[in-house]
Structures are given as structure tokens and as C-alpha cells.
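# Architecture and fold: a report
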Amino acid sequence: NAGVIQTPRHKVTGKGQEATLWCEPISGHSAVFWYRQTIVQGLEFLTYFRNQAPIDDSGMPKERFSAQMPNQSHSTLKIQSTQPQDSAVYLCASTGGANTQYFGPGTRLLVL
Amino acid sequence: GDQVEQSPSALSLHEGTGSALRCNFTTTMRAVQWFQQNSRGSLINLFYLASGTKENGRLKSTFNSKESYSTLHIRDAQLEDSGTYFCAAEGSGGSNYKLTFGKGTLLTVTP
């Protein structure tokens, strides 16, 4: 079991560029969650999917952020026109029937 | 205000000693998870509790949903226990299982 896989591990973008982050959940897990971590805000929920359907995106910034789960083996988080305040570690987690969330190693995004 | 209040924010222990971390919840929570974040930034699962107490080696955790708190006890601390510990709670509403995190406890274990 490889655990939750996130790619890339590090990404540097220029202000105004687009960033796409990938997450591969643990095989067989039905739910995928996205969080981000900053020094100031700590760990914050962004959005989640269950059986590929979006369930709750209440934590997503209203503009520029979108997430998809086109199939059960991966989810993407896309940030358009990145801004310096988007710099954070973006974490993906997945869970099966037991509700315990298992986290990936994260993608460290730096917007210059 | 914050739904999950975690304390202390920092803790220093000598090897072989122990202490407790605590999270208070301002709303009813369905379950709590405890994590250790290591130096590489990975969140390592310690416990998932919907009620009661669980123990794993030198760690023990309790979740009291009625009184809205959870604790993590560490005994016989070792150097490798150093890191940041987070509690995270699931809200009790409906089928939403998103986690709300505490601010973390930075634990430093010294020889």
C-alpha cells in the first residue's frame, strides 16, 4: 500500500500563473479531502468528494480555486492566477469506510 | 471563534517523562483524530476515536463527546516523539466528515 500519493512535492510558480496539484487516494477509498496548511492559518479544510461526487467545498476560496475528481483514482486541485497568499502546503487525504483520514505528504506551493 | 482549542501550544519534556495534550470543542463533535506531524511535514495517524479511550504503546487518547474534549497522554517520552501534534474533529452534522484542526502542540523531547 503506497499510501496517498501527491504530485508534485514542490512547485514554484510566478504570480498570475496556473498551478495544478494531483492526488491519488489509497486504492479502494471512497472519499478524498483537500486541506492546506500555512503558518498563520494552520490546517484548513478546502473541499471533499465522496464516490467522485463533490460533497462540500465550503473551504474553497470563491475565486481562482477549483477541484475535480474525474475518476476514483485521482483528484486535482487547480489554482488559476496564483497569488503570493496562495503559498502553502496543500494536503490530500483519503478515507474508506472507517472514517480515519490518511494524509499524503503534501505539495509545497510557493508563489513568487 | 475556533471550534477546536488545543493546549498547550508548546511543551518540552525530558526523555522518560510524560504529559498530556488537550483539545476542547466549542460545538458537539462526532469523532476526533490525533496526528503527529514529523520533521518532513507528514501527518502520521495516531488515533481515531468516536468515544472512549484507546491506547497504543506509550500513547493513550480519550474522547468525551458529552463534555466536548479529547486528551492525548504521552508517557516515557523518547527523542523521536518530538514534533507537532494535532487534534482534528469531525462535526456532528449530517454526513459531512471534514476535519477541523486545532492549532497544534509543538513537543520537544530533550535528553
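We now turn to the structure provided with this report. (Residues numbered from 1 in each chain as written. Chains lettered and ligands numbered in written order. Predicted model: local features only at pLDDT ≥ 70, side-chain atom pairs only at ≥ 80, totals over all residues. Heavy atoms only, no water.)

Moving on, we get to the overall build of chain B. A count of helical and extended segments in chain B gives 0 helices and 11 strands. Walking chain B from its N terminus toward its C terminus, one meets helices and strands in the order β-β-β-β-β-β-β-β-β-β-β. The C-alpha atoms of chain B give 14 Å as radius of gyration, which agrees with the globular expectation for 111 residues (13 Å, within 12%). Counting only C-alpha atoms, chain B reaches 45 × 25 × 20 Å along its principal axes. Burial status across chain B gives 43% buried among its 111 residues. In chain B, the proportion of contacts linking residues at least 24 apart, taken out of those at least 6 apart, comes to 55%. Looking at chain B as shown, the accessible area adds up to about 5,300 Å², and 47% of this sits on carbon and sulfur atoms. (Helix = DSSP H or I, 4+ residues; strand = E, 2+ residues; numbered from the N terminus. Rg over C-alpha atoms; globule rule 2.2 N^0.38 Å. Buried < 20%, exposed > 50% of the residue type's maximum accessible area, 1.4 Å probe, protein only. Contact = heavy atoms within 4.5 Å. Areas by Shrake-Rupley, 256 points an atom, 1.4 Å probe, with all protein chains shown as cover.)

Moving on, we get to the sheet that holds strand 7 (residues 65-71) of chain A. Residues and elements named next belong to chain A. The sheet built from 4 strands is open, its strands ordered 1-3-8-7 with antiparallel pairing. Two strands bound the open sheet, and with one partner strand each, they are strand 1 (5-7) and strand 7. Recorded for the sheet is a direction-independent mean angle of 20 degrees between the axes of neighbouring strands. In terms of strand pairing, strand 7 meets strand 8 (residues 74-79) through 5 bridges, oriented antiparallel. When the sheet's bridge partners are listed, Asn71 is paired in strand 8 with His74. (Pairing = 2+ DSSP bridges. Axes fitted to C-alpha atoms, helices over the stretch in contact; angles between N-to-C directions.)

In this complex, chain B contributes 16 residues to the contact, which on the side of chain A involves 19 residues. Taken together, both faces of the contact between chain B and chain A bury some 1,500 Å²; the carbon and sulfur share is 49%. The tally of links from chain B across to chain A stands at 1 salt bridge. Two residues, Lys98 of chain B and Asp56 of chain A, come together in a salt bridge whose shortest N-O distance is 3.4 Å. Counting the contacts that link chain B with chain A gives 8 residue pairs in polar contact (both at pLDDT 80 or more). Those elements that place two or more of their residues in the side of chain B that touches chain A are strand 4 (29-37), strand 5 (43-49), strand 9 (83-91) and strand 10 (99-101) of chain B. Looking at side-chain class alone, the side of chain B that touches chain A contains 7 nonpolar, 6 polar and 3 charged residues. (Buried area = accessible area lost by both parts, 1.4 Å probe. Salt bridge = Lys/Arg side-chain N within 4 Å of Asp/Glu carboxyl O. Polar contact = N/O pair within 3.5 Å; in protein donor to acceptor, adjacent residues only side chain to side chain. Nonpolar A, V, L, I, M, F, W, Y, C, P; charged D, E, K, R; others polar.)

Turning our attention to the nonpolar core. Residues and elements named next belong to chain B. Grouped together as the largest cluster of nonpolar side chains are 22 residues, with contacts concentrated most on Phe25, Trp34 and Leu72. Mapped onto this core, the elements with two or more residues apiece are strand 2 (10-14), strand 3 (19-25), strand 4, strand 5, strand 7 (59-64), strand 8 (69-74), strand 9 and strand 11 (105-110). Every residue in contact with Leu72, bar those within four places of it in the chain, is listed here: Ser19, Ala20, Leu21, Trp34, Leu46, Phe47, Leu59, Lys60, Ser61 and Tyr85. (Core = buried A, V, L, I, M, F, W, Y, C linked by side-chain atoms within 4.5 Å.)

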